[in-house]
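# Survey of secondary and tertiary structure
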Amino acid sequence: MEKEKIIEVKDLQKIYKKRKMKELVQAVDGVSFDVYRGEILGLLGPNGAGKTTTIKSICGLLKPNGGAVYINGLDSSKNRLKALNDISAVLEGNRNLYWRLTVKENLEYFIGNRGVSRKQAQGKINELLDLFNLKSKENELVSSLSRGMQQKLAIAVALLADTEVLLLDEPTLGLDVETGYEVREMLKRIVKEQGKTIIISTHDMPVVQDLCERTVIINGGKVIADEKVDNLIKLFESRAYCFTITDELTEHQKMAIQENFPIYHINENQIEITLEKDDDLYIMMDILKEEQTHIEKIDRTTVDFEQVFMKLIKEGSENETVLASS
Ligand SMILES: Nc1ncnc2c1ncn2[C@@H]1O[C@H](COP(=O)(O)OP(=O)(O)OP(=O)(O)O)[C@@H](O)[C@H]1O
């Protein structure tokens, strides 16, 4: 079945003026990517990469200097209200909640704005309290909830609007392992059972590996990878080797490895490298042979998404490798 585009981000540009100073910051520099209906897309990048700027431009909180965001085919700058009707967002540090109201009062307040009948509202609220495991907390004040529960409630409130797309900025930041897991499972259910589309901006690599089929990685305001998470892992796995040696490396060898393999890791008698070119394996063997270093074995090594991410960021800043799929 043909995948259906729900959001198109086209050549987005955003320049900030630093207050007081005349300096300009190009936060986003030609970012383009598509989001397909029913997927969870991971938007990744190191601090200051331009993720929040991209997310805020998608949900209409920021006006880009160039480029466009299409939501269900509508240019959001031209049909702002209509286009944004399909999106709700939970932004980091900006929980859309009233702290002096209870969990249930918050849900009632926000659904009250939507013009649904009392019966429908109660049904929806109960459904969300169940889904988010918040039933036992319904009469507690938001201010007394843990950070994880507040985060769950913020997502529940965003779901009241029943929009097709949910934007989540760092949804698992600061959550303990158990709550982080609970939030992940709940997001999977929302996509599976309600057919929602979710864009997650995060630094939490296990979240991406577990939740997202595809990832868009941004660095320095540009997209450096737009790929399925599995494909990226496979790509790096097929290039990742581990040499086990019996002798210690000389300083000269270490320097040669560093020079030839920007992405490497030496741990006692094991050297892990990621190959770039076909003859890299031979270059490595030559470096070892040069000083008669004995190679005990050479293995393909496994990588996790965190390593892949680090490698892409490092490569991106060293030689601007672009891994964007068309
Ligand atoms: N209001 C602003 N005024 C000036 N510069 C800004 C403003 N907001 C962001 N920036 C700058 O724009 C760049 C991108 O910031 P952005 O917040 O989009 O990155 P990010 O990827 O979300 O980072 P983080 O992971 O740290 O939240 C950074 O250099 C940041 O300092």
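Residues numbered from 1 in each chain as written. Predicted model: local features only at pLDDT ≥ 70, side-chain atom pairs only at ≥ 80, totals over all residues.

### Overview of the packing of helix α3 (residues 103–112) against helix α5 (residues 147–160)
Their axes nearest at 9 Å, the elements α3 and α5 cross at an angle of 25 degrees. In terms of their interaxial angle, α3 and α5 are classed as roughly parallel. The element α3 and its partner α5 pack so that their crossing is right-handed. Residues V103, N106, L107, F110 and I111 of α3 pack against L153, A156, V157 and L160 of α5. Its residues assigned to classes, the contact of α3 with α5 comprises 8 nonpolar, 1 polar and no charged. (Axes fitted to C-alpha atoms, helices over the stretch in contact; angles between N-to-C directions. Helix = DSSP H or I, 4+ residues; strand = E, 2+ residues; numbered from the N terminus. Parallel < 35°, antiparallel > 145°, perpendicular 65-115°, else oblique. Left-handed = near helix turned anticlockwise from the far one by under 90°. Contact = placed C-beta atoms within 7 Å. Nonpolar A, V, L, I, M, F, W, Y, C, P; charged D, E, K, R; others polar.)

### Here's the deal with the site of the ligand
Taken together, the neighbourhood of the ligand is formed by Y16, K18, V25, A27, G45, N47, G48, A49, G50, K51, T52 and T53. Among the elements of the structure, β2 (24–36) and α1 (51–58) are those that each provide at least two residues to the shell around the ligand. Of all the elements, α1 adds the most residues to the shell around the ligand, at 3 residues. A breakdown of the residues in the shell around the ligand according to their chemical character gives 4 nonpolar, 6 polar and 2 charged. (Near = placed C-beta within 6 Å.)

### Looking at the domain arrangement of the chain
Each assigned domain of the chain is listed with its residue range as follows: domain 1 (5–228) and domain 2 (233–324). Look at where the C-alpha atoms of domain 1 and domain 2 centre, and you get two points 37 Å apart. (Domains from an automatic or database assignment.)

### Details of the sheet that holds strand β12 (residues 264–267)
Pairing within the open sheet is antiparallel, and its 4 strands lie in the order β12-β13-β11-β14. Across the chains shown, the open sheet's two edge strands, defined by having one partner strand only, are β12 and β14 (295–300). Pairwise comparison of adjacent strand axes, ignoring direction, gives a mean angle of 15 degrees for this sheet. Two strands pair when backbone bridges link them, and strand β11 (residues 240–245) and strand β13 (residues 270–274) are joined in this way by 5 bridges, in the antiparallel orientation. Within the sheet, the bridge partner assigned to T244 lies in β13 and is Q270. (Pairing = 2+ DSSP bridges.)

### Focus: the environment of N85
Within the element layout of this structure, N85 appears in the loop between α2 (80–84) and β6 (87–90). Along the primary structure N85 and A240 are separated by 155 residues, whereas in three dimensions their C-alpha atoms are 45 Å apart.

### Examining the nonpolar core
In this structure, L107, V157, L167 and I200 are the most contacted members of the largest nonpolar core, which totals 70 residues. Here this core gets 8 residues from one element, more than from any other, and that element is α5. When residues of this core are sorted by domain, at least three fall in each of domain 1 (5–228) and domain 2 (233–324). With residues near it in sequence (within four places) discarded, L107 still touches I125, L128, A156, V157 and L160. (Core = buried A, V, L, I, M, F, W, Y, C linked by C-beta atoms within 7 Å. Buried ≥ 20, exposed ≤ 12 C-beta atoms within 10 Å, placed from the backbone.)

### Description of the pairing of strand β8 (residues 197–201)
For β8, the tally of buried residues reaches 5 of 5 residues, placing the bulk of the element in the interior. Side-chain alternation along β8 places T197, I199 and S201 on one buried face and I198 and I200 on a second face that is also buried. In this sheet, β8 lies alongside strand β3 (residues 40–44) in parallel orientation, the contact comprising 4 bridges. Its bridge partner lying in β8, L41 is registered against I199. Bridge count for strand β7 (residues 165–169) against β8 is 5 bridges, and the pairing is parallel. When the bridges of β8 are listed, L166 appears paired with I198.

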